[in-house]
Each structure stands twice: as structure tokens, then as C-alpha cells.
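Per-entry structural report
Next come the chains, spelled out residue by residue.
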Amino acid sequence: MFFLNGLVCAAYIVSLPALKSAHGLSDSGIGLVSLVFALSALVAMQAAGRLVSAVGSGAVLRRSLLTMPPLLVALGFVPGFGWLLAVVTVFGLVHGTTDAAMNAHAVGVERRTDRRVLGSCHAAWSVSAVAASLAMGAMAAAAMDLPARCAVVAVVALTGGLFAMRHLRQPRPDDRERAPDVAPPRRRVRWSRNTVLLGLTAAVLMVCEGGVLGWGGVLLHDARGASLTLSAGALTGYALGQTVGRTLGDAAATRWGARSVFAIGGALGIAGLAVGIGASEPLAAIGGFAVGGLGLSVQLPLLFSEVGRAASDDASAAVAVARFTSFAYMGILLGPGLIGTMADMIGLVSTMSALVPLLTIATAVTVGFSLRRR
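What follows covers the overall build of the protein. A tally of helices and strands in the protein yields 16 helices and zero strands. Taking 374 residues into account, the globule formula puts the C-alpha radius of gyration at 21 Å, and the protein, at 19 Å, falls close to it. Summarising its shape, the C-alpha atoms of the protein cover approximately 55 × 45 × 30 Å along the three principal directions. The proportion of buried residues among the 374 residues of the protein is 59%. In the protein, 82% of the contacts between residues at least 6 apart in sequence involve partners at least 24 apart. Each charge class in the protein can be summarised by its mean position, and for the 28 positive and 17 negative side chains these summaries are 8 Å apart.

Here you go:
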């Protein structure tokens, strides 16, 4: 599920520079597109927790996997800016629902097996992001237009979705407590202080990640003179670093503890972003983004796991994860839009540079307070 969701989303992200050029948009215009996507996803996430609790995460994922690929294709054919915003709105709604459902499914697996798997699940997203970005870059180099590139990725994602959803477990009525899908909660789930605090921390972290994913390629293309093919390397390098870090992150956190792994990841993330944003050579910047992805890769899965394990049962965990997802992805979804607005005022390089101290503060606060008791 994580792989297929990442495949479609990465194809959309890599297409932003091309959409910007095709529709003659300014930085604030493409920022508005990202903002509409973000708001739509956040609206969907608010309802996703109860939806997943009522019908199960598997049932939600089966439907969303069939909906996202056609929406990606539609992005390549929209005739104007208004139609682009309309398609992005629906795309954001489906993505927000999918994101909450797949994380709830993974948390259910962790709760039943009592071992960390969220890092590996998020690694699958990173693998798909690398695959999609490389494929989109290669197709652009081969002079394929944007609609054709989107259609190729959509066919792959749709085929994978049809295969994968056959293996999503559908729980029996008496098997709800053990299944990844969760039962309707018997009582109202209250907002917990822990969920809110960890969610705010994740929101700050995801502003940094959203900045790289949404604007790293634009920065290389506009400020560093990289080609469209090379500018896709910002996302590729970051996703490669994420893949390595998340593949090893579960074992590292089990051996050395979440607090130590979170602190080391933060230090690498700070150094990597500083190089990626500040380097004048595109290849050096791509290397910096790769180190930043390696460092930041472990942080969000650790916070997801913390929220899910703190819940009393699977139903409460599903609601808590959906709420936490709203906080966490508020940063990655709203961040690119806010960065676009600030870039028009003070410049893209200056705006992106502000992410380094922001990440430093978030890491220090989390290591010093949020993870101390664990």
C-alpha cells in the first residue's frame, strides 16, 4: 500500500516543475496548487479515522487504490488553471484518506506482532518515490510529454493495486481485535495530550520534508540552472536516503532506543539540508538532500509508532493515528504552499534556508522532552 501510494504521489510531485511551465505559473501560483492539495487532504484526514474504524482500513484502501491512478492521468490533460485546481482537489481528498488508512493498517500490525514495522512500511514509500522520480526523469529525457509520463505511471500503479488489494485481509466479525482492519469504537475517543504534542513536532518536521519534496527540484532548476531531468534528482536523492534509513531504522530503534536514533537522525538531517540548499553545484546539492533524507527518514515512523502503541485498543489506535496524520501531514502538505508564498517575497533560496534552524529546534525539543520518558 505504501509503495503504490508513493508511486502516484511522487509522480505528481516530480510533475510540478512541468505543470508550472505548461500553465505559465509563478512561484505563488504553483504554491496555490500545493495549498489546495494540502487542504483537501487535511479535510479527508479529519474523517478518515472514523471511516477506518467503521469499515476497516482494508475496505478503504481497496477503493482508493482504484481512484488515484486515473486522477494522475487527468493532471496531464487539464486544459487550464481552473481545471488543474479542480483535479488537484479531488486528488488531495483521495490521498488524505489513503494515507490515514494505510498508516492505521501498519499500526494494527505493530500492535499485534509487538515489533516495529512502520519504518519498513515508510521505506516502501521511499522506494516507490525513487522509482517514480527516475522513471519520470528518464521519460522526460526521452521527449515524452507530461500526459504520456503520467499515463505510464498510472497503468503501473493501477495494475499493482488490482493485485495488492486481493491480499488485504478482510476480518471476520469475531476477528476484529486481531486483524489489521479495526472495529467501530465502542466509545468516543478523546484527544490525548500525547497525540497533540507529538503531532505538533511531526508538523514541524514535515515542513522541512515538504520543502525538499515540493521545492527541491524547483530550486535546482530555477536557482542552480539544472535541467528538468537533473532537477528531479532532488527528490531522487532525498528518497534514496530515506529508503536506506527506513530500511535500517526499525532494527536501530529496537537496539538503541527511539530517543538515540531520533537524535542521530536529526543531526544528519540538519547537515544534509544545509548542504542541499546552500550548495551552488546541482550534484553537490543532490548529495546533500540524500544525506538529509537519510537523517530525517527515521523520525516520522518513530512518532507514528509512539502514537499507535499508546492507544488502548485497535479502534482507538486508528482514530489516534488519523488525528496524528492530520498534524504530521499538515507540514508536508501546507509547507510547500507557504514556501511558495514566502519565495515570492524574499526569494526561494532564503526561504528554503530557514528550514535548517526550524529542523534544529524541532529535533532539540523532541529529544529533550517528548522522548525523554521513553
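The next subject is helix H3 (residues 27-55). Each α-helix turn comprises 3.6 residues. Residues three or four places apart therefore point the same way. If you check H3, its first and last C-alpha atoms are 41 Å apart, about what 29 residues at 1.5 Å a residue would give, namely 42 Å. Of all the bends in H3, the greatest measures close to 40° and is centred on Ala48. Positive phi appears at Gly56, one or two residues downstream of H3, with a value of about 95°.

Evaluation of the coordinates by the stated rule reveals one salt bridge. In this structure, Lys20 engages Asp222 in a salt bridge whose closest nitrogen and oxygen atoms are separated by 3.7 Å. Here Asp222 lies in helix H8 (residues 193-222) and Lys20 lies in helix H2 (residues 16-22), a separation of 202 residues in the sequence. Classification of Asp222 by relative accessible area gives partly exposed; the value is 43%.

Let us look at the packing of aromatic side chains. Taken as a whole and judged by the stated rule, the model has four aromatic pairs. Geometrically, the ring pair formed by Tyr12 and Phe91 is edge-to-face, given 5.5 Å between the ring centres and 70° between the ring planes. Of this pair, Tyr12 sits in helix H1 (residues 2-14) while Phe91 sits in helix H5 (residues 81-113), and the two are 79 residues apart along the sequence. Note on accessibility: Tyr12 and Phe91 belong to one class, buried. An aromatic cluster of at least three residues, connected via ring pairs, comprises Tyr12, Phe37 and Phe91.

Where nonpolar side chains cluster on the molecular surface, the patch consists of Val244, Leu248, Ile264, Leu268, Val291 and Leu294 and spans about 490 Å² of accessible area. Topologically, Leu294 is positioned in helix H12 (residues 282-296). By relative accessible area, which is 32% here, Leu294 ends up partly exposed.

Running from amino to carboxyl end, helix H6 (residues 118-141) crosses helix H13 (residues 299-310) at an angle of 135°, the nearest separation of the two axes being 9 Å. Comparing their axes, H13 and H6 come out oblique. At the point where H6 passes H13, the crossing takes the right-handed sense. Contacts between H6 and H13 involve Leu118, Gly119 and His122 from the former and Leu300, Pro301, Phe304 and Ser305 from the latter.

Under the definition given, this model contains zero disulfides. We note that Cys121 lacks a disulfide partner, and the nearest cysteine sulfur, in Cys9, lies 16 Å from it. Counting only cysteine sulfurs, Cys9 is the nearest neighbor of Cys150, a cysteine outside any disulfide, at a range of 13 Å. Residue class for Cys150 comes out buried when judged on its relative accessible area of 2%.

Attention shifts here to the packing of H5 against H13. Any two packed helices are characterised by how steeply their axes cross, that is the angle between the axes, and by the distance between the axes. H13 packs onto H5 with a crossing angle of 65° between their chain directions and a minimal axis gap of 10 Å. Pair H5 / H13 crosses with right-handed handedness. From H5, Asn103, Val107, Glu110 and Arg111 reach across to H13, where they touch Phe304, Ser305, Gly308 and Arg309. Along the lines of polarity and charge, the residues of the contact of H5 with H13 split into two nonpolar, three polar and three charged.

Moving on, we get to the side chain of Lys20. For Lys20, a relative accessible area of 16% corresponds to the buried category. Here Lys20 is in contact with Leu25, Ser26, Asp27, Ile30 and Asp222, once residues within four sequence places are set aside.

Nonpolar side chains in soluble globular proteins tend to end up buried together. Counting 109 residues, the largest nonpolar core has Tyr12, Leu273 and Phe324 as its most contacted members. Leave out the neighbours within four places in its chain, and Tyr12 touches Val33, Ser34, Phe37, Leu72, Leu75, Val88 and Phe91.

Moving on: H5. The first and last C-alpha atoms of H5 sit 47 Å apart over 33 residues, in line with the 48 Å expected at 1.5 Å per residue. Where H5 terminates, the next one or two residues include Asp114, which has phi positive at roughly 60°.

Okay, the confidence of the model for the protein next. For the protein, mean pLDDT is 82; residues scoring 70 or higher make up 92% of the total. Counting interchain partners and residues more than four positions distant, the pLDDT-below-50 stretch residues 171-179 has 19 contacts. Every residue in residues 182-186 is under pLDDT 50, and counting partners more than four places away or in other chains gives 16 contacts.

A word on the environment of Ile13. Structurally, Ile13 is set in helix H1. The exposure class assigned to Ile13 is buried, which follows from its relative accessible area of 17%. Expressed as a C-alpha distance, the spacing of Ile13 and Pro282, which sit 269 residues apart in the sequence, is 19 Å. For Ile13, the contacting residues outside a window of four places in its chain are Leu213 and Leu235.

Definitions and limits used
- Residues numbered from 1 in each chain as written.
- Predicted model: local features only at pLDDT ≥ 70, side-chain atom pairs only at ≥ 80, totals over all residues.
- Heavy atoms only, no water.
- Helix = DSSP H or I, 4+ residues; strand = E, 2+ residues; numbered from the N terminus.
- Rg over C-alpha atoms; globule rule 2.2 N^0.38 Å.
- Buried < 20%, exposed > 50% of the residue type's maximum accessible area, 1.4 Å probe, protein only.
- Contact = heavy atoms within 4.5 Å.
- Lys, Arg positive; Asp, Glu negative; His and termini not counted.
- Charge placed at Lys NZ, Arg CZ, Asp CG, Glu CD.
- Expected span 1.5 Å × (residues − 1).
- Bend = angle between axes of the 7 residues up to and from the residue.
- Salt bridge = Lys/Arg side-chain N within 4 Å of Asp/Glu carboxyl O.
- Phe/Tyr/Trp six-rings, centres within 6.5 Å; stacked < 30°, edge-to-face > 60°.
- Patch = residues over 30% accessible without salt bridge, like charges linked within 9 Å, V, L, I, M, F, W, Y side chains within 5 Å.
- Areas by Shrake-Rupley, 256 points an atom, 1.4 Å probe, with all protein chains shown as cover.
- Axes fitted to C-alpha atoms, helices over the stretch in contact; angles between N-to-C directions.
- Parallel < 35°, antiparallel > 145°, perpendicular 65-115°, else oblique.
- Left-handed = near helix turned anticlockwise from the far one by under 90°.
- Disulfide = S-S within 2.5 Å.
- Nonpolar A, V, L, I, M, F, W, Y, C, P; charged D, E, K, R; others polar.
- Core = buried A, V, L, I, M, F, W, Y, C linked by side-chain atoms within 4.5 Å.
- pLDDT = per-residue confidence, 0-100.

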